[in-house]
Number of protein chains: 2
Amino acid sequence: MARVVVDVMLKPEILDPQGQAVQRALPRLGFAGISDVRQGKRFELEVEGPVDDAALARIREAAETFLANTVIEDFTVRIEEPAEGQQ
Amino acid sequence: MARVVVDVMLKPEILDPQGQAVQRALPRLGFAGISDVRQGKRFELEVEGPVDDAALARIREAAETFLANTVIEDFTVRIEEPAEGQQ
């Protein structure tokens, strides 16, 4: 069982009010030095069987079809390495 | 200018209706072989200056304080490598 991550972010030219709200709140809360914040979505898909090129192509199609709105959003698809994140 | 990514996901034991809705829609739309989907948030922070341990510690504190609700959500903080994603 492998995990594939689809990240969906608003395109750079699209206004991101959620991200702006976070960015404006940061200095007020004592966190300086952050010049921009963008907020998007992250999907973690548990894939049965091997994640080969065909499986990735299908997931990319699913992402394009209904996980992302490609008019206003960009997406990336990648296989998550185990223990990639750090708390 | 470096980019730090904060991923916020519901804890595994917390029900994720958004992810479930996506997972149930996938077979209907012709995408089989996905056994689970979890949906979360992704924040991209543009950090001024070097991203050293102190900066990462501050961002981790910000994530814990108000990007994530640590009662029900886990978060990871990482420096994004350039050209990590693939469309």
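Residues numbered from 1 in each chain as written. Chains lettered and ligands numbered in written order. Predicted model: local features only at pLDDT ≥ 70, side-chain atom pairs only at ≥ 80, totals over all residues. Heavy atoms only, no water.

Asker: I'm lost on the relation of the copies chain A and chain B in this one. Help?
Answerer: For the pair of chain copies, the relating transformation is a rotation about an axis with a translation along it. Between the two copies, chain A and chain B, the superposition gives an RMSD of 0.0 Å; the rotation angle is 180 degrees and the shift along the axis is 0.0 Å. Both chain copies can therefore be described as sitting about a two-fold axis. Taking the C-alpha atom as reference, chain A places Lys41(A) closest to the rotation axis, 2.3 Å from it. Mapped onto chain B, 100% of the interface residues of chain A again fall at the interface, so both copies present the same surface. (Least-squares fit on C-alpha atoms with pLDDT ≥ 70 in both. Contact = heavy atoms within 4.5 Å.)

Asker: How do you make sense of the side chain of Gln39(B) when you look at a structure like this?
Answerer: Checked against the element boundaries, Gln39(B) lands in strand E2 (residues 34-47). Overall, the relative accessible area of 12% leaves Gln39(B) in the buried class. For Gln39(B), the contacting residues outside a window of four places in its chain are Lys41(A), Arg42(A), Phe43(A), Met9(B), Asp16(B), Gln18(B), Gly19(B) and Val22(B). (Helix = DSSP H or I, 4+ residues; strand = E, 2+ residues; numbered from the N terminus. Buried < 20%, exposed > 50% of the residue type's maximum accessible area, 1.4 Å probe, protein only.)

Asker: Help me understand the pairing of strand E1 (residues 2-10) of chain A, please; the structure alone is not making it clear to me.
Answerer: Strand residues, when the strand is regular, have side chains that alternate between the two faces of the sheet. Residue and element names in this part refer to chain A. In the sheet, E1 pairs with strand E2 (residues 34-47) via seven bridges, with the strands oriented antiparallel. Among the inter-strand pairings, Asp 7 is bridged to a residue of E2, identified as Arg 42. In terms of strand pairing, E1 meets strand E3 (residues 73-79) through seven bridges, oriented antiparallel. Directly across from Val 5, in E3, lies its bridge partner Arg 78. (Pairing = 2+ DSSP bridges.)

Asker: Help me understand the interface of chain A and chain B in this model?
Answerer: Size of an interface: often given as the accessible area lost when the parts come together. Every contact between the two is made by 41 residues of chain A and, on the other side, 41 residues of chain B. In total, chain A and chain B occlude about 3,800 Å² of area from one another, counting both sides; carbon and sulfur atoms represent 58% of this. Remark: the boundary between chain A and chain B carries two salt bridges. Asp7(B) is the partner of Arg42(A) in a salt bridge, and the nearest nitrogen-oxygen pair spans 2.9 Å. Our count for the chain A to chain B interface comes out at 14 residue pairs in polar contact (both at pLDDT 80 or more). Elements represented by at least two residues in the side of chain A that touches chain B include exactly E1, helix H1 (17-28), E2, helix H2 (53-67) and E3 of chain A. Per element, the largest residue contribution to the side of chain A that touches chain B is 14 residues, and it comes from E2(A). Considering only residue class, the side of chain A that touches chain B consists of 19 nonpolar, nine polar and 13 charged. Direction of pairing for E2(A) relative to E2(B): antiparallel, over a ladder of 13 bridges. For Ile34(A), the partnering residue across the bridge sits in E2(B) and is Val47(B). (Buried area = accessible area lost by both parts, 1.4 Å probe. Salt bridge = Lys/Arg side-chain N within 4 Å of Asp/Glu carboxyl O. Polar contact = N/O pair within 3.5 Å; in protein donor to acceptor, adjacent residues only side chain to side chain. Nonpolar A, V, L, I, M, F, W, Y, C, P; charged D, E, K, R; others polar.)

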